Amino acid sequence: MGCCASNTAGGSKASRVARWRSTGIIGLRDSKLKTFPDEVIVMERAVRTLDLTHNKISDVPAEISKLINMQRLLIADNLIERLPGNLGKLQSLKVLMLDGNRISCLPDELGQLIRLEQLSISRNMLIYLPDTIGSLRNLVLLNVSNNRLKSLPESVGSCASLEEIQANDNVIEELPASLCNLVQLKSLCLDNNQVKQIPDGLLKDCKSLQNLSLHNNPISMDEFQLMEGYQEFEERRKKKFDKQIDSNVMISSKGLDVGVDK
């Protein structure tokens, strides 16, 4: 009976691996894993999407660099403290989700992920972002909320495709002037920080900006309204919400304000 059970288990595993190879999608969410699975590494080029969300993995092995065709790596809600430098070899990667870990810094090699479109690393222990983040020219979404960041690097202004920055619940005191270069930026969220002022040209130069949220920061509504480009920003914001209302989209009362406390 034990032999049969073993054969069944072996067959089940073989079937799972065969399915992974066929689809390129490996789903191991909520699997109680404590280590990065070896059977994933040996699949190398076959992996397109890897979901290891909500496990107890504490280490990402250097061998992850073998998964060179991987486009989506979802490894949120684990116990990871650091990432290997050769993560930068995953140059097919478009989505990297690392939320809810214990990461205090990102490797400089992150900047080698030239196809990356979404980087989400909220609820970690980041104290700074590497300057090399500016090399991510295809990055559309950056989520670094709920960390320990005191600033954003000047190089973030080189992320020419950025449309959304989520940096709520940090200790950010000042913003780089280079944010004004982000002409595609639509949403900038900085609630619950220590921001005293925003770059002078932000509202004027970021001509796509529709949402700027600065709740619970030491910046006043009066200062905000006096900024160059404020009226144009207001028109864009109202146009956005009018369009949502016309589409029968429900929005909260908080969503209708300008995002600055009075």
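Everything that follows concerns the structure shown earlier in this document.
Bear in mind that the values here come from a model prediction, so they are computed numbers and not experimental data. (Residues numbered from 1 in each chain as written. Predicted model: local features only at pLDDT ≥ 70, side-chain atom pairs only at ≥ 80, totals over all residues. Heavy atoms only, no water.)

A.B. asks: Looking at this structure, I do not really get the overall build of the chain. What am I missing?
C.D. replies: Within the chain, the secondary structure is distributed over 5 helices and 9 strands. Secondary structure elements of the chain occur, N-terminal to C-terminal, as α-β-α-β-β-β-β-β-β-β-α-β-α-α. Within the span of the chain, comprising 262 residues, buried residues form 48% of the whole. Of all intrachain contacts in the chain linking residues separated by at least 6 positions in sequence, the fraction that spans at least 24 positions is 33%. As displayed, the chain offers around 13,300 Å² of accessible surface, 47% of which is attributable to carbon and sulfur atoms. (Helix = DSSP H or I, 4+ residues; strand = E, 2+ residues; numbered from the N terminus. Buried < 20%, exposed > 50% of the residue type's maximum accessible area, 1.4 Å probe, protein only. Contact = heavy atoms within 4.5 Å. Areas by Shrake-Rupley, 256 points an atom, 1.4 Å probe, with all protein chains shown as cover.)

A.B. asks: Explanation requested: the environment of Ile103 in the structure shown.
C.D. replies: One can find Ile103 in the loop between strand E4 (95–97) and strand E5 (118–120). Sequence separation between Ile103 and Ile127 is 24 residues; the distance between their C-alpha atoms is 9.4 Å. Setting aside chain neighbours within four positions, we find Ile103 in contact with Ile80, Glu81, Arg82, Leu83, Leu98, Ile121, Asn124, Met125 and Leu126.

A.B. asks: Which parts of the structure should I look at to understand unusual backbone geometry?
C.D. replies: Excluding glycine, residues mostly carry a negative phi; peptide bonds, for their part, are mostly trans. Although it is not a glycine, Arg123 adopts a positive phi angle of roughly 55°. By secondary structure assignment, the location of Arg123 is in the loop between E5 and strand E6 (141–143). Not every positive phi belongs to a glycine, and Asn216 is a case in point at roughly 60°. Residue position: Asn216 is located in the loop between strand E9 (211–213) and helix H4 (221–225).

A.B. asks: Looking at this structure, how should I read the environment of Gly24?
C.D. replies: Secondary-structure assignment places Gly24 in the loop between helix H1 (2–23) and strand E1 (25–27). Beyond its immediate chain neighbours, meaning those up to four positions away, Gly24 contacts Ala46, Val47, Arg48 and Thr49.

A.B. asks: Teacher, can you tell me more about the pattern of salt bridges here?
C.D. replies: Side-chain pairs of opposite charge can arise whenever the charged atoms involved come near each other. Evaluated as defined, the whole model comprises 6 salt bridges. A salt bridge links Asp205 to Lys204; the nearest nitrogen and oxygen atoms lie 2.9 Å apart. By relative accessible area, which is 26% here, Asp205 ends up partly exposed. Residue classification places Lys204 among the partly exposed residues on the basis of a relative accessible area of 31%. One salt-bridge network, in which partners are shared between bridges, spans Glu234, Arg237 and Lys238. (Salt bridge = Lys/Arg side-chain N within 4 Å of Asp/Glu carboxyl O.)

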